[in-house]
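Geometric and topological summary
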Amino acid sequence: MSVNTSDKALTGHMLYMRLLEAGDGHQPLATLRYLRGVLEQLFRHLTRNEARSFSNLFARMQFYFDKHGVAADQRRQLTILRILTTKAMTGGLRADQEDALLCIHTLANIIEEYYEVPRPEALLERCATVAGQTLAQGPADDNPLVPLLKCLVTGVGPLQKAPDGVASFVLQGKDDEAGEFLININSVYQPHTSALHKQLRVYDTLHILHADLNTSTGQYEAVKATRFILEPDLLIDISDLAECFGRSGPNPYLYLVRKLVPQSTGLPAFKGNIVNSLLDNVLRHPDMKLRESFVEAVAENVLQAAGYGRQELNSMYADIRETHWPNLLEASRELKDRPVRIEPTFFSALYGLQGRLDILAEDDTDPTRKEIFELKSGKAPDYGAWKNHEMQVTGYNLLLQSTFGDERCGSSAILYSSASNSPLRNVTNNRSAENELLALRNEIVAQLLRLSAGEYDILEQITPLAAEGLPSFSVVHFTRFEGTYSKASPLLRTYYQQFLSFLLREFLLAKCGMYASMHREEDAEGFAALWLQPESEKLSRFTIIPGLCFQHFDEAQSSVVFSIREPVNHNFRPGDTAIIYPRDTTGLAPLQHQILKGRVDELQKDRLTFSLNNRQITHDFFAHQQQWVIEHDIYESNFWISATALFHVLEPRFADRMELLLGMREPVKVPFPIPAPMMFNSNQQEILQAALDAKDYYLVQGPPGTGKTSSLLTAMVTSLAAAGTQMMIVAFTNKAVDEICKK
């Protein structure tokens, strides 16, 4: 690969001169430290025209490798050179004169190829003794690692602590292919050994990635490359995980606090939504003016906008015009003429993750290139990226690796739209950060499992002390939870605990089939049936329409029309939430594709109209794939909204209401001011009158088809409306509310 710049010859000669200086009477380590500067200068020059910042040499090199498709052997040589020079800088390396010469020789090879300038004779002579050699980083491993063990935990040995502080334990598992096995885990290679030991229980499901099989003993060893994924079919959202990271590392309780304690969204969050919409618009409609785009963005978030006055919106517009808009335009220019997916969703049952990226940029000439651009509209750090933002991109890299395989290449960057300098900041993918994210995921999954099973000690640990190192706006929620939970009566605490366990069991049932009843086979895998069940099983349960053929995309309505190639028996209805994804020629592969979420708008025997949640999809996206599949979706937010609302039962301001709900005092009755309408029989008449007389609440329970909605509820609504009563009608589905209003 050559560097297409006018000054490349001059730069090449300059770099050669520096290499010659490197060998002049220096000790080997001093030479390597000097070469570190040459290596940094080389890659600063190679990336000098990039509109992004790099926090270190590792990031700069990785970006260049990904963008220019550097050959694997060159990547390896340059990576080893970077590692050796880093160790020389930190004092963690022993080197001799031959090592130093080989490093000089390696750099000379790269300069000659990149800058197309023959190396000087003096340099050839100096490196003659190492000509033809390459850098090596330790002996090759002749025993390949086992890619994946899908196991059931059958035993967890005691945690052992050696005098030198090394923690270890033996895990016993059972894999369908490997059978029963033992794996030794210790903190020399697995820093989270002690935490993992606390998390694991017998009968847990576990993915073990890249374990080393000792053929002489038949046991497995957890090495540095090994990863453990607890209950991998329980997908955790990457953005939720990332928000648990701060400058001092991850906080294992913040995930639960954000789910259990009511949170309020302010102006910054609303502004973030507006800036996101502006970026979407500038990518889809490059000629759209800022004011038009801003008005459209506000209209899309009209309910949030209603909470702010004209002055706030005008001030926001002025700030966006001066600060954010120029950076958004610059980013759009970098993405010009490239296929761009806006807000794509992916699932990974390998790592137990799910996420929705801001931007995924592709390359028409290289199908393996997938680049991440994550937009952040808040305050930018002086350099680099905030830790939580870095971890979010780290999670997305894992997601893309799982979806597209190890062949996927491409850089990752965070766009700080408010930054005054270098708004586009590169994020380097590194294994250590990935392991930190996965370790936190395991801890959160373990917390959910324990709480669902009725182990409530973790609730006692949510205190201000546990929030140490977090920003004040997070600490306040820890304080609120402890103050409210600890002061609630034993009865209310017990009610809260039991109801929370119930909600989490329902959540785990919907997500991956945990706690499924033996009489409810359709719940056996929950949402995880998407990747666990074969097509034939889905057809037998009527949960799929596999033969959708793309016909038309309405960009204005963000809806897509499919013809149903071969009608099948199914249980879909208009209004159902669902997902669609492309069908491969070899069958169903939902985890290898972008997932589109939305709802069924119209459904006929041979035709289906699907309304997309993501309004940034274009016709071209569907035109590339003719056959599609639709399956059911779940709304996770429904469970967490319920869990958040449950917190109010602990609050003193609702003490009177809780006395009513818990049956500690009788509900009040007040005669309804107007006569009730006539019902079909005396029993219904009595129930209607009692319901209308109820001042606090009234519960009607009965089997399907007995007229609870069609007769009783509609009669109540009619009577309340006639009496001039303000009312709110809620139901589990929008369709149920529509039916009530129609009648």
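Residues numbered from 1 in each chain as written. Predicted model: local features only at pLDDT ≥ 70, side-chain atom pairs only at ≥ 80, totals over all residues. Heavy atoms only, no water.

A short note on the state of the cysteines
In plain terms, the rule: A pair of sulfur atoms, both from cysteines and within 2.5 Å, is called a disulfide here.
For the structure on display, the rule yields zero disulfides. For the unlinked cysteine cysteine 151, the closest cysteine sulfur is that of cysteine 512, found at 16 Å.

Some thoughts on the nonpolar core
Side chains that are nonpolar tend, in soluble globular proteins, to be buried together. So the rule is basically this: Grouping buried Ala, Val, Leu, Ile, Met, Phe, Trp, Tyr and Cys residues that are joined through side-chain atoms within 4.5 Å yields what is termed a nonpolar core. Each residue's exposure class comes from its accessible area (1.4 Å probe, protein chains only) as a fraction of the maximum for that residue type: buried when under 20%, exposed when over 50%, partly exposed otherwise. A run of H or I in DSSP counts as a helix once it spans at least four residues, and a run of E counts as a strand once it spans at least two, with each numbered from the N terminus. Between two residues, a contact is recorded if the distance between any of their heavy atoms is within 4.5 Å.
Ranked by size, the top nonpolar core spans 103 residues in total, and within it Ile183, Ile208, Leu459 and Tyr496 carry the most contacts. With ten residues, helix H15 (residues 431–452) is the largest single contributor of residues to this core. Setting aside its immediate chain neighbours within four residues, isoleucine 208 contacts Pro147, Leu148, Leu149, Cys151, Leu171, Phe181, Ile183, Thr226, Arg227 and Phe228.

Quick word on the sheet that holds strand S12 (residues 345–348)
Put simply, the test is: Only strands that DSSP links by at least two bridges are regarded as paired with each other.
Pairing in this open sheet of three strands is mixed, and the strands run S8-S13-S12 from one edge to the other. Among the strands making up the open sheet, the edge pair consists of strand S8 (236–237) and S12. Sheet analysis places S8 next to strand S13 (residues 353–356), joined by two bridges and oriented parallel. In the strand pairing of S13, isoleucine 236 is matched with leucine 353.

Overview of the packing of helix H2 (residues 28–46) against helix H5 (residues 97–115)
We count it as follows: Here the axes come from fitting lines to C-alpha atoms, over the contacting stretch only for helices, and the angles between their N-to-C directions go from 0 to 180 degrees. Should an angle fall under 35 degrees it is called roughly parallel, over 145 degrees roughly antiparallel, and 65 to 115 degrees roughly perpendicular, with every other angle called oblique. For a crossing to be left-handed, the near helix must be turned anticlockwise from the far one by less than a right angle; the clockwise case is right-handed. Each residue gets one label: Ala, Val, Leu, Ile, Met, Phe, Trp, Tyr, Cys and Pro are nonpolar, Asp, Glu, Lys and Arg are charged, and the others, such as Gly, are polar.
Where H2 contacts H5, the two axes come as close as 9 Å, and the packing angle between them is 15°. One element, H2, and the other, H5, form an angle in the roughly parallel class. In this structure, H2 meets H5 at a crossing whose hand is left-handed. Contact with H2, carried on its side by Pro28, Thr31, Leu32, Leu35, Val38, Leu39, Leu42, His45 and Leu46, involves Gln97, Ala100, Cys103, Ile104, Leu107, Ile110, Tyr114 and Tyr115 of H5 and no other residues of that element. The class makeup of the residues in the contact of H2 with H5 is 14 nonpolar, three polar and no charged.

A few points about empty space enclosed by the protein
Spelled out, the test is: Only protein atoms enter the 1 Å grid used here. Points where a 1.4 Å probe fits but cannot escape make up a cavity, open sets with protein on both sides within 12 Å along at least five of seven lines make up a pocket, and a residue lines them when an atom lies within 4 Å of a point. Grid points are joined across faces, edges and corners, and a volume is the space filled by probe spheres set on the points.
For the structure shown, the criterion picks out one cavity of 30 Å³ or more. Looking at the largest cavity, its volume works out to about 40 Å³. What lines the largest cavity is simply Leu279, Ala331, Leu335, Phe373, Leu415 and Leu424. Tallied by class, residues from the lining of the largest cavity come to six nonpolar, no polar and no charged.

Side note on the sheet that holds strand S11 (residues 340–342)
Read from one edge to the other, the open sheet built from five strands follows the order S11-S14-S15-S16-S17, with strand pairing classed as mixed. Edge positions in the sheet fall to S11 and strand S17 (424–426), since each has one partner strand and no second. Pairwise comparison of adjacent strand axes, ignoring direction, gives a mean angle of 25° for this sheet. Where S11 meets strand S14 (residues 359–362), three bridges bridge the pair, whose relative direction is antiparallel. What sits directly across from arginine 341, in S14, is leucine 360. Against the sheet, helix H13 (residues 310–334) engages strand S15 (370–376), strand S16 (412–416) and S17, with an angle of about 155° to S16. Strands S14, S15 and S16 of the sheet are contacted by helix H14 (residues 387–404), whose axis makes an angle of about 150° with S15.

Brief notes about the pairing of strand S19 (residues 559–564)
When you tally the buried positions in S19, you get five out of six residues, the bulk of the element. Between the end of strand S18 (residues 544–554) and the start of S19, which pair antiparallel, lie four residues, with serine 558 showing a positive phi angle near 55°.

Examining a nonpolar patch on the surface
Short version of the rule: Here a patch means residues that are over 30% exposed by relative accessible area and free of salt bridges, tied together within 9 Å if like-charged and within 5 Å if nonpolar (Val, Leu, Ile, Met, Phe, Trp, Tyr). Accessibility throughout is a Shrake-Rupley quantity obtained with a 1.4 Å probe, and a residue counts as covered only by protein chains that appear here. Salt bridges are defined as contacts in which a side-chain nitrogen from Lys or Arg sits within 4 Å of a carboxyl oxygen from Asp or Glu.
Taken together, the side chains of Leu152, Val202 and Tyr203 make up a nonpolar region of the molecular surface, amounting to roughly 300 Å² of accessible area. Among the secondary structure elements, leucine 152 is positioned in strand S1 (residues 146–156). The partly exposed category is assigned to leucine 152, whose relative accessible area is 33%.

Things to note about the pattern of salt bridges
Inspection of the entire model under this criterion finds 27 salt bridges. A salt bridge links arginine 333 to glutamate 330, with the shortest nitrogen-to-oxygen separation between them at 3.1 Å. Placement of the pair is arginine 333 and glutamate 330 together in helix H13, with a separation of three residues, close to one helical turn.

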